Amino acid sequence: MTTTQIICLAIFGTYALGCTLACASVFVTAMAYRDLGKGLLRILERRKAENTLEDVDGLTEEIGKYYASYSRHNPSVHKRYAGIVNWLDDVLMQTNLFDGKKHRWGSWFDGYYETLGQVQAILERRYPFYRCTSGQIQILQDISALAPGDSGVGSVVKKTEEEFISLNSASRKNDRNNAISIAIGVAGILVSVLLTVMQMFG
């Protein structure tokens, strides 16, 4: 086997490993979304059968407890959703995109779109900083508590929230770039090791 072939083999192996890990991560996240969706569907169907679906406040409480319990036992949920509002937003988007194909997640909730929209509206009022991390939310809440109702403080809170959201977006992009850099670095190390071994035994 020539040096070029070994280098190509090492690069291909690193690429294949990276793709496998990425696919595994996507699969775990997809399974979490499916399981979450099935649980939500059971809640909705049971309440519909009990004629309690119109009790949106009660439904919101039950969905909130269900999401909190599920996410505690399945941390992979946090890789995709910052919180329950983000999750419901995704459910509503999938339902809105539903085009009649059974494989779409949105088909599960096609008859509950309006109800879930009401639940999401309640949760958005309850968690106004849902697009931020838990630490950032605590900071925003502390700032808000300094002078409740003060327009100046409200403006500061709004601007700080926007900066946090922008920072989180940049952080996610950096994480992806770092992952690519690490993969390239590992490939380089493997090539170096293989070349060294070839020189020792060649």
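Above this text sits the structure in question.
Residues numbered from 1 in each chain as written. Predicted model: local features only at pLDDT ≥ 70, side-chain atom pairs only at ≥ 80, totals over all residues. Heavy atoms only, no water.

S.K.: For the overall build of the chain, give the residues involved together with the corresponding values.
M.R.: Check the secondary structure of the chain and you find seven helices and zero strands. Ordered by position from N to C terminus, the α and β elements of the chain give α-α-α-α-α-α-α. Of all 202 residues assigned to the chain, the portion counted as buried reaches 28%. Taking contacts inside the chain between residues at least 6 apart in sequence as the whole, the part at least 24 apart equals 63%. Surface summary for the chain: the accessible area is close to 13100 Å², and the carbon and sulfur share equals 60%. (Helix = DSSP H or I, 4+ residues; strand = E, 2+ residues; numbered from the N terminus. Buried < 20%, exposed > 50% of the residue type's maximum accessible area, 1.4 Å probe, protein only. Contact = heavy atoms within 4.5 Å. Areas by Shrake-Rupley, 256 points an atom, 1.4 Å probe, with all protein chains shown as cover.)

S.K.: So what's going on with the pattern of salt bridges? Residues and values would help.
M.R.: Under the defined criterion, the tally for this structure stands at four salt bridges. The partner of Arg46 in a salt bridge is Glu62, with the nearest N and O atoms 1.9 Å apart. Taken together, the residues Arg46 in helix 1 (residues 3-49) and Glu62 in helix 2 (residues 56-73) connect sequence positions 16 residues apart. With a closest N to O distance of 2.8 Å, Arg47 and Glu62 form a salt bridge. Here the residue Arg47 occupies a position in helix 1, and Glu62 occupies one in helix 2, the gap between them amounting to 15 residues. Each member of the salt-bridge network shares a partner with another, and the members are Arg46, Arg47, Glu50 and Glu62. (Salt bridge = Lys/Arg side-chain N within 4 Å of Asp/Glu carboxyl O.)

S.K.: Describe the packing of aromatic side chains, and please don't skip the residues or the numbers.
M.R.: Two numbers describe a pair of aromatic rings. These are the distance of the centres and the angle of the planes. In the structure shown here, the tally under the stated rule is two aromatic pairs. Between the aromatic rings of Tyr66 and Tyr70, the centroid separation amounts to 6.3 Å while the plane-to-plane angle is 45°, which identifies the pairing as tilted. With Tyr66 and Tyr70 both in helix 2 and four residues apart, this pair spans about one turn of that helix. Of the two residues, Tyr66 and Tyr70, both sit in the buried class. Where Tyr67 meets Trp87, the ring centres are 5.3 Å apart and the plane angle is 25°; that geometry is what we call stacked. Of the two residues, Tyr67 is situated in helix 2 and Trp87 in helix 4 (residues 84-97); the sequence distance between them amounts to 20 residues. Residue classification places Tyr67 among the buried residues on the basis of a relative accessible area of 6%. For Trp87, a relative accessible area of 0% translates into the label buried. (Phe/Tyr/Trp six-rings, centres within 6.5 Å; stacked < 30°, edge-to-face > 60°.)

S.K.: Residues and numbers for helix 5 (residues 113-126), please.
M.R.: An ideal rise of 1.5 Å per residue puts 20 Å on 14 residues; helix 5 measures up with 20 Å between its terminal C-alpha atoms. Within helix 5, the full set of buried residues consists of Thr115, Leu116, Val119, Gln120, Ile122 and Leu123. Axial view of helix 5: buried residues confined to an arc of 160°, hence all on one face. Exposed residues on helix 5 whose side chains face more than 90 degrees from its buried face are Glu114 and Arg125. (Expected span 1.5 Å × (residues − 1). Arc of directions from axis to C-beta.)

S.K.: Describe in detail the side chain of Arg47, supporting the description with residues and values.
M.R.: The buried category is assigned to Arg47, whose relative accessible area is 10%. The contacts of Arg47, once residues within four sequence positions are left out, are Thr52, Leu53, Asp55, Gly58, Leu59 and Glu62.

S.K.: Give a detailed account of the nonpolar core, specifying residues and quantitative values.
M.R.: The nonpolar side chains of soluble globular proteins are, as a tendency, buried together. Membership of the largest hydrophobic core comes to 26 residues, with the highest contact counts inside it found for Leu40, Leu44, Ile63, Trp87 and Leu116. Sorting the residues of this core by element identifies helix 1, helix 2, helix 4 and helix 5 as the ones contributing at least two each. Formed by seven residues, the second largest nonpolar core is a distinct cluster that contains Phe129, Leu140, Val153 and Phe164. (Core = buried A, V, L, I, M, F, W, Y, C linked by side-chain atoms within 4.5 Å.)

S.K.: Give me the lowdown on unusual backbone geometry, citing residues and values where you can.
M.R.: Residue Asn51 is not a glycine yet carries a positive backbone phi of 60°. Within the secondary structure, Asn51 sits in the loop between helix 1 and helix 2.

S.K.: Explain the packing of helix 2 against helix 5 to me, and be specific about the residues and the numbers.
M.R.: Orientation of helix 2 relative to helix 5, taken along the N-to-C sense of each, is 70°, at an axis distance of 10 Å. Considering the angle they form, helix 2 stands roughly perpendicular to helix 5. Together, Val56, Asp57, Leu59, Thr60, Glu61 and Ile63 of helix 2 and Thr115, Leu116, Gln118, Val119, Ile122, Leu123 and Arg126 of helix 5 make up the contact between the two elements. Its residues assigned to classes, the contact of helix 2 with helix 5 comprises seven nonpolar, three polar and three charged. (Axes fitted to C-alpha atoms, helices over the stretch in contact; angles between N-to-C directions. Parallel < 35°, antiparallel > 145°, perpendicular 65-115°, else oblique. Nonpolar A, V, L, I, M, F, W, Y, C, P; charged D, E, K, R; others polar.)

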